[in-house]
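So the chains spell out like this:
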Amino acid sequence: MSLNSLLAQLRRDRKGFGAMELALAMPFLILLGLGTVDASKLISTKIDFEQAAQRGTDFALAKRPNGSDGSYIQAEVASMAGIDAQDVTVTIFLECNGVKQTNFATVCAAGQSPARFVSVEVRKDVATEFDWSFFGRMFDIKAFDSTVSVAGDSLVRFQ
């Protein structure tokens, strides 16, 4: 068999063409699957944190604060979310005519309308299933690392 006839035979042969296409597409399909898993995990965590923060502000409405100490709200939110209290930030503040005051116990000047608020934020670093920084290094672009900071917050006016 001559070289020309061998090349002609290989050109006509279509066996294995589908396997070759699958081999070329498989890395992209795997990345798509990994991205879907990570995105759904991060979105689910964001929803959980938003709901925990909302329950925290609901708790603050039920048991209204009488000062700027929100540690009881912080402990309740951490318990509800199943996270450490250090990942929960509770801020109780006063506004006079829309201007935030530095002291919660301040009395607004005559003619100003007071408004007291409770703000709850839940923030935590969540590990992804796949280290995406590899692609950042490979293509010399900024990609997020194997952990992503996820936050949920809620604000309620109680006076």
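This text goes with the structure placed above it.
Residues numbered from 1 in each chain as written. Predicted model: local features only at pLDDT ≥ 70, side-chain atom pairs only at ≥ 80, totals over all residues. Heavy atoms only, no water.

Chemist: Would you mind going over unusual backbone geometry in detail, with residue names and values included?
Modeler: Positive phi outside glycine occurs at Asn97, with the angle close to 55°. As for its placement among the helices and strands, Asn97 is situated in the loop between β1 (88–96) and β2 (99–100). (Helix = DSSP H or I, 4+ residues; strand = E, 2+ residues; numbered from the N terminus.)

Chemist: Summarise the nonpolar core; cite the residues concerned and give the values.
Modeler: A general feature of soluble globular proteins is that nonpolar side chains tend to end up buried together. Ranked by internal contacts, the top residues of the largest apolar core, which has 21 residues, are Ile73, Val88, Val118, Val120 and Val122. Elements that contribute at least two residues to this core include exactly α2 (17–62), α3 (71–81), β1, β3 (114–127) and β4 (147–157). Top contributing element to this core by residue count: α2, with five residues. In this view, Val88 contacts Gln74, Val77, Ala78, Ile83, Val120, Glu121 and Val122; residues no more than four positions away in its chain are not counted. (Core = buried A, V, L, I, M, F, W, Y, C linked by side-chain atoms within 4.5 Å. Buried < 20%, exposed > 50% of the residue type's maximum accessible area, 1.4 Å probe, protein only. Contact = heavy atoms within 4.5 Å.)

Chemist: Outline the side chain of Arg116, supporting the account with residue identities and numerical values.
Modeler: In this structure, Arg116 sits in strand β3. In this structure Arg116 is buried but unpaired, with Glu95 as the nearest side chain of opposite charge at 11 Å. Looking at Arg116, its side chain comes within polar contact range of the main-chain oxygen of Thr106, at 3.5 Å. (Lys, Arg positive; Asp, Glu negative; His and termini not counted. Salt bridge = Lys/Arg side-chain N within 4 Å of Asp/Glu carboxyl O. Polar contact = N/O pair within 3.5 Å; in protein donor to acceptor, adjacent residues only side chain to side chain.)

Chemist: Could you give an account of the pattern of salt bridges, naming the residues involved and the relevant values?
Modeler: Proximity of charged atoms lets side chains of opposite charge pair with each other. In total, this model carries three salt bridges according to the counting rule given. Note that Glu121 and Arg123 form a salt bridge whose closest N and O atoms lie 2.9 Å from each other. We classify Glu121 as partly exposed; its relative accessible area is 25%. Judged by relative accessible area, which is 40%, Arg123 ranks as partly exposed.

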